[in-house]
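Residue-level structure breakdown
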Amino acid sequence: MNILPGVLLFLCLHFGVVANSQTQKEPASATKKKRKASTAKIQYGTASYYSNKFNGRKTANGEIYDSKKLTAAHNGLPLGTWVKVTNQANHRTVTVKINDRLHYKNPRLIDLSGAAAKKLGFTGHGLTKVKVEVLGKKMPAEASNTQKNK
């Protein structure tokens, strides 16, 4: 009795099923959903601030993070963009430069440096609701005055 045709048939069927299962696409619900990053001129959302452990680490634009500088991370605006951030709870404002990105799964709008969070008065709370106004790529006068005082 010759078993070779049976073995060949088994191998063809087995590897054919394996090949088909590997090339099938995932269902739409299993694909990764990306949060749409906003580039609107005025945005509302939640702000957080960097942990001290990030001091001295490189940011997305190559600068070294310093908690004493007025900088922030944002996923939608171009690096180097200046924004005015207003704490909606106490109406304090600060002008910061976007020089970093948040983790793509982070639901927050902006992550501020320690100095910026302190100016907005929410370091004791960790999070606050903010309004972010895009000022552009050129350093605004109020930011240049603050930078000179350091």
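Now for a description of the structure that goes with this document.

Rules of the game
Residues numbered from 1 in each chain as written. Predicted model: local features only at pLDDT ≥ 70, side-chain atom pairs only at ≥ 80, totals over all residues. Heavy atoms only, no water. Pairing = 2+ DSSP bridges. Helix = DSSP H or I, 4+ residues; strand = E, 2+ residues; numbered from the N terminus. Axes fitted to C-alpha atoms, helices over the stretch in contact; angles between N-to-C directions. Phe/Tyr/Trp six-rings, centres within 6.5 Å; stacked < 30°, edge-to-face > 60°. Buried < 20%, exposed > 50% of the residue type's maximum accessible area, 1.4 Å probe, protein only. Core = buried A, V, L, I, M, F, W, Y, C linked by side-chain atoms within 4.5 Å. Contact = heavy atoms within 4.5 Å.

Brief notes about the sheet that holds strand β4 (residues 93-100)
Either a parallel or an antiparallel arrangement is found when strands of a sheet pair, and the pairing is made through backbone hydrogen bonds. The strand order around the closed barrel formed by 6 strands is β1-β5-β2-β4-β3-β6, and the pairing between neighbours is mixed. Taken over all neighbouring pairs, the strand axes of this sheet differ in orientation by 45° on average, direction set aside. Bridge count between strand β2 (residues 71-73) and β4: 3 bridges; the pairing is parallel. Note on β4: the bridge partner recorded for A72 is I98.

Considering the packing of aromatic side chains
Taken as a whole and judged by the stated rule, the model has 3 aromatic pairs. When the centroid spacing of 5.9 Å and the interplanar angle of 80° are considered together, the rings of Y50 and F54 count as edge-to-face. Judged by its relative accessible area of 29%, F54 falls in the partly exposed class. Taking the centre distance of 4.3 Å and the plane angle of 20° together, the rings of Y50 and Y65 count as stacked. Within this pair, whereas Y50 is found in the loop between β1 (42-49) and β2, its partner Y65 is found in the loop between β1 and β2, the two being separated by 15 residues in sequence. Exposure class is identical for Y50 and Y65. Each is buried. In this structure an aromatic cluster arises from ring pairing among Y50, F54 and Y65.

Regarding the nonpolar core
V83, V85, V96, I110 and L112 are the most contacted members of the largest nonpolar core, which totals 20 residues. Broken down by secondary-structure element, the contributors of at least two residues to this core are β3 (82-87), β4, β5 (110-112), α2 (114-120) and β6 (128-136). Per-element tally for this core: the top contributor is α2, with 4 residues. Among all residues touching V83, those that are not within four sequence positions of it are L77, V94, T95, V96, I98, I110, V132, E133, V134 and L135.

Things to note about the pairing of β4
Most of β4 sits out of view: 6 of its 8 residues are buried. The pairing of β3 with β4 spans 5 bridges and is classified as antiparallel. Considered in β4, the bridge of W82 is made with K97. Counted between consecutive antiparallel strands, the loop separating β3 from β4 contains 5 residues, among which H91 sits at a positive phi close to 65°.

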